[in-house]
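Here is how the chains run, residue by residue.
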Amino acid sequence: MKYQRSSALFTEAEKYIPGGVNSPVRAFKSVGGTPVFIEKAKGAYLYDADGNRLIDYIASWGPMILGHAHEPVIRAVTGKAEKGTSFGMPTETETEIARLAVSMVPNIDKIRFVNSGTEACMSAVRLARGYTGREKIIKFAGCYHGHSDAFLIQAGSGAVTFGSPNSPGVTRGTAQDTLLAGYNDLEGVKALFEANKNEIAAVIIEPVAGNMGCILPEEGFLQGLRALCDDSGALLIFDEVMTGFRLARGGAQELFNIQADIVTFGKVIGGGLPVGAFAARNEIMNHLAPLGPVYQAGTLSGNPLAMSAGLAMLSELNDRPEIFKSLEEKTLYLHKGISRVLTRHDIPHRINRLGSMISVHFTDEEVKDFGSAATGNNDRFKKFFHGMLNEGIHLPPSAFESWFLNDALSYDDLDLTINAVEKTAISL
Ligand code: KE4
């Protein structure tokens with residue numbers, strides 16, 4: 001594969017944009033080399049500036065569950081654009097997607113749309129604090145809920161990749177209200193509740209973590225958090241920015257049959273346009289302005305183009321729930337193929353997988369939290385990443401990210417991916 005034009009484009013971008021990118025993980029800092037510039041995408045494939053076709057497992061970090069440039073989404077957006085792009089006043093499309101989301105997701109009566117997952121999680125925490133009258137929150141080391149100050153305390157994703165768990169600029173005042181626990185460490189959470197009686201407004205968690213690679217909740221962990229929140233009057237916030245509308249129509253709440261108090265969304269809900277959302281039952285959502293005192297707002301919230309993209313995507317997922325089973329089967333097929341190759345080459349590895357989320361960790365330890373995810377051999381991951389890229393497979397450029405499969409991937413694409421692992425394994 002040649003990447004001359006991408007390299008030239010990156011050099012030019014670096015003149016005007018910090019690090020040449022508008023989101024740090026795209027800069028390839030944790031895998032080395034220079035990022036691939038994408039010209040277009042269709043179905044399961046990215047087409048880069050040098051004319052390479054790449055099988056895509058980033059899926060724009062989650063949104064592209066139906067594949068890139070999915071016809072119904074494109075038609076919805078282009079049709080809507082001809083009528084104007086933003087009005088700053090309510091539109092019927094917002095009600096249509098809100099009604100559909102409420103019908104798909106358990107235990108929510110109302111949903112508020114914003115412009116990113118960060119905004120959704122930030123607003124959910126403010127709502128929980130306003131509703132409970134408490135100030136502290138519990139988050140989990142390695143989980144990422146976006147880049148608002150309260151979350152950049154041992155955040156996952158880019159912050160972990162850069163090894164800067166506590167970002168400069170986050171004040172001590174903010175940090176003191178964010179308590180840290182270990183993923184799957186229920187005893188640790190219990191201790192925090194004991195030490196901060198009646199002070200904890202909420203526990204926020206990725207019900208399946210996707211920002212340390214993919215990490216699954218152990219049996220009883222989420223149920224334990226639910227019980228602790230019930231006992232203490234704290235709210236349980238499921239950050240479903242990644243898992244929402246990906247693991248099932250009703251996301252992780254449906255899959256694990258557990259009720260969160262507030263659920264946040266992003267990625268799939270916007271069909272690739274900038275949308276986030278947070279949702280809860282009426283008694284909580286009715287605290288939100290203009291009904292209640294908890295303020296939250298946004299110029300482009302509920303933007304007609306973004307709403308039409310999200311409505312087209314959610315409508316198809318709602319009408320074709322068999323997609324989730326098909327994606328799970330494809331992901332299992334990929335898991336088995338990759339593991340067969342790495343095992344044959346005696347390469348220590350762990351593969352975590354749920355639904356259409358999967359990650360490969362070059363360690364012989366079970367990966368069940370941030371600490372064990374960090375035992376992965378990152379040099380080996382770098383070689384793996386670039387070996388796969390040279391074979392035309394674009395993985396997320398960090399060992400601390402989940403891969404995302406999309407419905408447009410064929411079993412031939414999966415076989416090409418497994419063959420690329422075979423060709424790459426010899427150099428690991
Ligand atoms: P955004 O603000 O990036 O839309 O969403 C923040 C967010 C919140 N919650 C979870 C569980 C998330 O995974 C994210 C964002 N995910 C990262 C990928 N790990 C976005 C990629 C990036 O930062 O460029």
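Our subject is the structure listed above.
A few points on the structure.

Turning our eyes to something else, we now look at the pairing of strand 10 (residues 276-280). Where burial is concerned, most of strand 10 is hidden: five out of the five residues are buried. Residue alternation in strand 10 divides its side chains into two sets, Gly276, Phe278 and Ala280 and Ala277 and Ala279, and both sets are buried. In this sheet, strand 10 lies alongside strand 4 (residues 110-114) in antiparallel orientation, the contact comprising five bridges. Its bridge partner being in strand 10, isoleucine 111 is matched across the sheet by alanine 279.

This next bit is on the sheet that holds strand 5 (residues 136-140). On the basis of which strands lie adjacent, the open sheet formed by seven strands has the order 4-10-9-8-7-5-6 and mixed pairing. Each edge of the open sheet is held by one strand with a lone partner, namely strand 4 and strand 6 (178-181). For this sheet, the mean angle separating the axes of adjacent strands, direction not counted, is 20 degrees. Of the strand pairs in this sheet, strand 7 (residues 200-205) and strand 8 (residues 235-239) are connected by four bridges, and their pairing is parallel. What sits directly across from valine 203, in strand 8, is leucine 236.

For the bond running from alanine 289 to proline 290, omega is 10 degrees, close enough to zero to count as cis. Summarising the element assignment, proline 290 is placed in the loop between helix 10 (282-285) and helix 11 (304-319). Despite not being glycine, serine 60 shows a phi value in the positive range, around 60 degrees. Serine 60 gets classed as partly exposed once you look at its relative accessible area, which sits at 36%. A positive phi angle is found at asparagine 198, which is not glycine, with a value near 60 degrees. As for its position among the elements, asparagine 198 is in the loop between helix 7 (186-195) and strand 7. Accessibility expressed as a relative area gives 58% for asparagine 198, which makes it exposed.

Another aspect to go through is the layout of surface pockets. Considering only enclosed or pocket space, the second largest pocket measures out at about 630 Å³ in volume. Residue lining of the second largest pocket: 27 residues in total, with Glu94, Ile111, Arg112, Phe113 and Ser301 positioned closest to the centre. Elements that contribute at least two residues to the lining of the second largest pocket include exactly helix 3 (92-104) and strand 4. In terms of residue count, the dominant contributor to the lining of the second largest pocket is strand 4 (four residues). Grouping the constituent residues of the lining of the second largest pocket by class yields 14 nonpolar, 10 polar and three charged.

In this section: the site of the ligand. Near the ligand there are 17 residues, and of these Ser23, Thr118, Asn211, Asp239 and Glu401 occur at the shortest range. Backbone polar atom of glycine 117 to an oxygen atom of the ligand: 2.9 Å apart, as the coordinates give it. In the environment of the ligand, a nitrogen atom lies 3.0 Å from a nitrogen or oxygen atom belonging to the side chain of lysine 267. Its free accessible area being 540 Å², the ligand has 87% of it covered by the protein chains. Of the residues in the shell around the ligand, the class split is five nonpolar, eight polar and four charged. Here the shell around the ligand gathers at least three residues from each of two domains, domain 1 (4-69 + 321-425) and domain 2 (71-319).

Next up on the list: the nonpolar core. Of all hydrophobic cores here, the largest spans 96 residues; its most connected members are Tyr57, Ile138, Phe140, Phe245, Leu314 and Leu317. Two domains each put at least three residues into this core: domain 1 (4-69 + 321-425) and domain 2 (71-319). Those residues in contact with phenylalanine 245 that lie beyond four places of it in its chain are Ile65, Ala101, Met104, Val105, Gly251, Phe265, Val268, Ile269, Leu314, Leu317 and Phe324.

What counts, and where the lines are drawn
- Residues numbered from 1 in each chain as written.
- Predicted model: local features only at pLDDT ≥ 70, side-chain atom pairs only at ≥ 80, totals over all residues.
- Heavy atoms only, no water.
- Buried < 20%, exposed > 50% of the residue type's maximum accessible area, 1.4 Å probe, protein only.
- Helix = DSSP H or I, 4+ residues; strand = E, 2+ residues; numbered from the N terminus.
- Pairing = 2+ DSSP bridges.
- Axes fitted to C-alpha atoms, helices over the stretch in contact; angles between N-to-C directions.
- 1 Å grid on protein atoms, 1.4 Å probe; cavity = no way out; pocket = protein on both sides within 12 Å on 5 of 7 lines; lining within 4 Å.
- Points joined across faces, edges and corners; volume = space filled by probe spheres on them.
- Nonpolar A, V, L, I, M, F, W, Y, C, P; charged D, E, K, R; others polar.
- Near = heavy atom within 4 Å.
- Polar contact = N/O pair within 3.5 Å; in protein donor to acceptor, adjacent residues only side chain to side chain.
- Areas by Shrake-Rupley, 256 points an atom, 1.4 Å probe, with all protein chains shown as cover.
- Domains from an automatic or database assignment.
- Core = buried A, V, L, I, M, F, W, Y, C linked by side-chain atoms within 4.5 Å.
- Contact = heavy atoms within 4.5 Å.

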